[in-house]
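Listed below are the residues making up each chain.
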Amino acid sequence: MILDGQSPSSITAAAQALQRGDLLGLPTETVYGLAADANHEDAVLGIFAAKNRPHANPLILHFDHLASAEPYMLAFPAVFKLLYQSFCPGPLTFIVPKSSLVSELITGGQETVAIRFPKHQALQHLLKEFGRPIAAPSANLYGQLSPTTAQHVYSQLNGRIPFILDGGACDQGLESTIIGLENERVLIYRYGSITAEQLAVHLGYTPEAK
C-alpha cells in the first residue's frame, strides 16, 4: 500500500505500522529508505530479508534531533556537534560509539553505530510521531540502484514490504556522506551528498577517505 506522505493520517498510519513491527519504504532527502523500528529485532531482521542484504552490513539509525539520539551513543565529539549545527538536519551520517540500547543486529557486531538526522519533512514528522529511532538502509534489493521515488521502491520491493510512504522525488538522489573520527581528525567513510570541500570550510582541513 502506498501512503500519501503529505497527509497527517498517513504519517500516523506509518507510525502505527512501525509500532507493529512492519517494514516501511519512506522518503529522505537523499534516497528512499527501507525502515523498521530499531528497537524491534524481528523487524530489523526483516530489513535484511527484504533486501537480501548481508547481516554484516551495518544499518543507519535515523533521529529527529540530537537529543533523541543521545541515549543510543556513548559520545558525540565536539567537532561532530559543530558539523551537526552546520549540516543537520541533512545528509550527513556520523559514526559514534554505541550504547547498550543499540542491537548488534544494527551494527553488524561492531561497537560503533551510524546515526543520521534526515531533513525530509515527511520523515521528520514520522520520527516525531513515532518517538523511537528508525533503522533504514536504502529501499532497494541488495546490489541494485538506490530508489529516488516511491514507484522505484514499489518496482523492487512490491510483495516484500506492506507499506510505502510517498514523499515525492528525493532532492539529492545520492546517499548521505558518512564520517568518523580517528586521531582527532574527521575521516570520510562514504562520499555522498555533502562534499569534502563543504566539510573543510568548517574543519579547517579537507577530510580524507577512510
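Just so it is clear, the model here is predicted, and its values are computed rather than measured.

Definitions and cut-offs
- Residues numbered from 1 in each chain as written.
- Predicted model: local features only at pLDDT ≥ 70, side-chain atom pairs only at ≥ 80, totals over all residues.
- Heavy atoms only, no water.
- Helix = DSSP H or I, 4+ residues; strand = E, 2+ residues; numbered from the N terminus.
- Rg over C-alpha atoms; globule rule 2.2 N^0.38 Å.
- Buried < 20%, exposed > 50% of the residue type's maximum accessible area, 1.4 Å probe, protein only.
- Contact = heavy atoms within 4.5 Å.
- Areas by Shrake-Rupley, 256 points an atom, 1.4 Å probe, with all protein chains shown as cover.
- Lys, Arg positive; Asp, Glu negative; His and termini not counted.
- Charge placed at Lys NZ, Arg CZ, Asp CG, Glu CD.
- Phe/Tyr/Trp six-rings, centres within 6.5 Å; stacked < 30°, edge-to-face > 60°.
- Polar contact = N/O pair within 3.5 Å; in protein donor to acceptor, adjacent residues only side chain to side chain.
- Core = buried A, V, L, I, M, F, W, Y, C linked by side-chain atoms within 4.5 Å.
- Arc of directions from axis to C-beta.
- Expected span 1.5 Å × (residues − 1).

K.L.:
With reference to specific residues and values, describe the overall build of the protein chain.
P.N.:
A count of helical and extended segments in the protein chain gives eight helices and 11 strands. Here the C-alpha atoms of the protein chain give a radius of gyration of 16 Å, agreeing with the 17 Å that 2.2 N^0.38 yields for 210 residues. The dimensions of the protein chain, computed from C-alpha atoms along their principal axes, are 45 × 35 × 30 Å. Burial statistics for the protein chain: of 210 residues in total, 52% are counted as buried. Of all intrachain contacts in the protein chain linking residues separated by at least 6 positions in sequence, the fraction that spans at least 24 positions is 61%. Total accessible area computed for the protein chain in this model is approximately 9,400 Å², and 50% of it derives from carbon and sulfur atoms. In the protein chain, which carries 13 positive and 18 negative side-chain charges, the distance between the mean positions of the two groups comes to 2 Å.

K.L.:
Give a detailed account of the packing of aromatic side chains, specifying residues and quantitative values.
P.N.:
Summed over all chains, the structure comprises eight aromatic pairs. Taken together, Phe63, Tyr72, Phe76, Phe80, Tyr84, Phe94 and Phe117 form an aromatic cluster joined through their ring pairs.

K.L.:
Help me get a handle on the side chain of Ser176, residues and values and all.
P.N.:
Following the sequence through the fold, Ser176 ends up in the loop between strand S8 (163-166) and strand S9 (177-182). You can call Ser176 buried: its relative accessible area is 3%. Here Thr93 takes part through its side chain, which lies 2.8 Å from a polar atom of the side chain of Ser176. Setting aside chain neighbours within four positions, we find Ser176 in contact with Thr30, Ile60, Pro91, Leu92, Thr93, Arg116, Arg190, Gly192 and Ser193.

K.L.:
A description of the nonpolar core should follow, citing residues and the corresponding values.
P.N.:
With 47 residues, the main nonpolar core has Phe94 and Ile115 as its most contacted residues. Here this core gets five residues from one element, more than from any other, and that element is helix H2 (residues 41-51).

K.L.:
Lay out helix H7 (residues 150-157) with the relevant residues and their values.
P.N.:
Among the residues making up H7, those that are buried are Ala150, Val153, Gln156 and Leu157. Viewed end-on, H7 has its buried residues packed into an arc of 130 degrees, placing them on one side of the element. Elements in contact with the buried residues of H7: strand S3 (33-37), H2 and S8. Where H7 ends, the next residue or the one after it, Gly159, has phi of about 90 degrees, a positive value.

K.L.:
Describe the environment of His202, with residues and values.
P.N.:
Residue position: His202 is located in helix H8 (residues 196-203). In the structure, His202 is positioned 142 residues away from Ile60 in sequence and 24 Å away in space, judged by C-alpha atoms. Beyond its immediate sequence surroundings of up to four residues, His202 is in contact with Leu82, Leu83, Ser86 and Phe87.

K.L.:
Tell me what's going on with helix H1 (residues 8-19), and back it up with residues and numbers.
P.N.:
A rise of 1.5 Å per residue sets the reference length of H1, with its 12 residues, at 16 Å; its end C-alpha atoms lie 17 Å apart and thus fit the reference within 8%. Taken together, the buried positions of H1 are occupied by Ser10, Ile11, Ala14, Ala15, Ala17 and Leu18. Down the axis of H1, the buried side of the element spans an arc of 155 degrees, and every buried residue falls inside it. Turned more than 90 degrees off the buried face of H1, the exposed positions are Pro8 and Ser9. Here the buried face of H1 lies against strand S1 (2-4), strand S2 (24-26), S3, helix H6 (121-130), strand S7 (134-135) and S8. Directly after H1, the chain includes Gly21, whose backbone phi takes a positive value near 95 degrees.

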